Amino acid sequence: MNEEALMLIDKYLGELIEHVVYKYHYNVDLEDEYDSLLRYIYKRLVKAWFKGQEVSLEEFEAALRSARKRKRQLEVLLSYLVSRYAARNGPIYMPQGRDWYDERY
């Protein structure tokens, strides 16, 4: 994996990744873990879309452009990937006041 692939993910999916993290309150610190999260997403997308085989930047960029056309499905996919990444950090969700997953329940 090279830095250009990470730049492509950031270019095509960066805003949507941030949206998903903040919308669902995932336990991911985007300032510190953003590069690590992008690497995780890259590995999982290559495994799912290209069966884990080596992929050229042109093919990967074309797949990202195609995926952006289906924004709702892409949001669900990214939500799943970010939740799996967040599970590595311990609790998946960041505590929010008066939510069902607070300690008082």
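The structure presented is a predicted model; accordingly, all values stated were derived computationally and were not measured.

**What about unusual backbone geometry?**
Point 1. In this model, His25 sits at a positive phi of 55°, which is unusual for a non-glycine residue.
Point 2. Residue position: His25 is located in the loop between α1 (3-23) and α2 (30-49).
Point 3. Using a relative accessible area of 32% as the deciding quantity, one classes His25 as partly exposed.

**Concerning a positive patch on the surface**
Point 1. Together, Lys11, Arg65, Arg68, Lys69, Arg70 and Lys71 give the surface a local cluster of positive charge.
Point 2. With respect to the secondary-structure elements, Arg70 resides in the loop between α3 (57-68) and α4 (71-87).

**A closer look at the packing of aromatic side chains**
Point 1. According to the stated counting rule, one finds three aromatic pairs in the structure shown.
Point 2. Ring centres 5.7 Å apart and planes at 55° place the aromatic pair Tyr40 and Tyr85 in the tilted group. With Tyr40 in helix α2 and Tyr85 in helix α4, this pair connects stretches of sequence that are 45 residues apart.
Point 3. Judged by relative accessible area, Tyr40 falls into the buried class, the value being 11%.

**Let's talk about the nonpolar core**
Point 1. Counting 31 residues, the largest nonpolar core has Leu13, Ile17, Val28 and Phe60 as the members making the most contacts within it.
Point 2. Contributing elements (two or more residues each) for this core: α1, α2, α3 and α4.
Point 3. The leading source of residues in this core is α1, at 10 residues.
Point 4. Sequence-distant contacts of Phe60, that is, excluding residues within four places in its chain, are made with Ala5, Leu8, Ile9, Tyr42, Leu45, Val46, Phe50 and Val55.

**A look at the packing of α2 against α3**
Point 1. Remark: α2 packs on α3, axes separated minimally by 12 Å, with the N-to-C direction vectors making an angle of 90°. Considering their axes alone, α2 and α3 lie roughly perpendicular with respect to each other. Within the contact between the two elements, α2 uses Tyr42, Leu45, Val46 and Trp49 and α3 uses Phe60, Ala63, Leu64 and Ala67.
Point 2. Taken together, the residues of the contact of α2 with α3 break down into eight nonpolar, no polar and no charged.

**Some details on the side chain of Glu33**
Point 1. Residue placement: Glu33 occurs in helix α2.
Point 2. Of the side chains with opposite charge, Arg88 comes closest to the buried, unpaired Glu33, at an N-O distance of 7.6 Å.
Point 3. Sequence-distant contacts of Glu33, that is, excluding residues within four places in its chain, are made with Val28, Tyr85 and Asn89.

**Structural notes on α2**
Point 1. Spanning 20 residues, α2 covers only 25 Å between terminal C-alpha atoms, well under the ideal 28 Å at 1.5 Å per step.
Point 2. At Ser36, α2 shows its maximal kink, close to 30°.
Point 3. Of the surrounding elements, those touching the buried residues of α2 are α1, α3 and α4.
Point 4. Positive phi shows up at Lys51, right after α2, with a value of about 55°.

Cut-off values and rules
Residues numbered from 1 in each chain as written. Predicted model: local features only at pLDDT ≥ 70, side-chain atom pairs only at ≥ 80, totals over all residues. Heavy atoms only, no water. Helix = DSSP H or I, 4+ residues; strand = E, 2+ residues; numbered from the N terminus. Buried < 20%, exposed > 50% of the residue type's maximum accessible area, 1.4 Å probe, protein only. Patch = residues over 30% accessible without salt bridge, like charges linked within 9 Å, V, L, I, M, F, W, Y side chains within 5 Å. Areas by Shrake-Rupley, 256 points an atom, 1.4 Å probe, with all protein chains shown as cover. Salt bridge = Lys/Arg side-chain N within 4 Å of Asp/Glu carboxyl O. Lys, Arg positive; Asp, Glu negative; His and termini not counted. Charge placed at Lys NZ, Arg CZ, Asp CG, Glu CD. Phe/Tyr/Trp six-rings, centres within 6.5 Å; stacked < 30°, edge-to-face > 60°. Core = buried A, V, L, I, M, F, W, Y, C linked by side-chain atoms within 4.5 Å. Contact = heavy atoms within 4.5 Å. Axes fitted to C-alpha atoms, helices over the stretch in contact; angles between N-to-C directions. Parallel < 35°, antiparallel > 145°, perpendicular 65-115°, else oblique. Nonpolar A, V, L, I, M, F, W, Y, C, P; charged D, E, K, R; others polar. Expected span 1.5 Å × (residues − 1). Bend = angle between axes of the 7 residues up to and from the residue.

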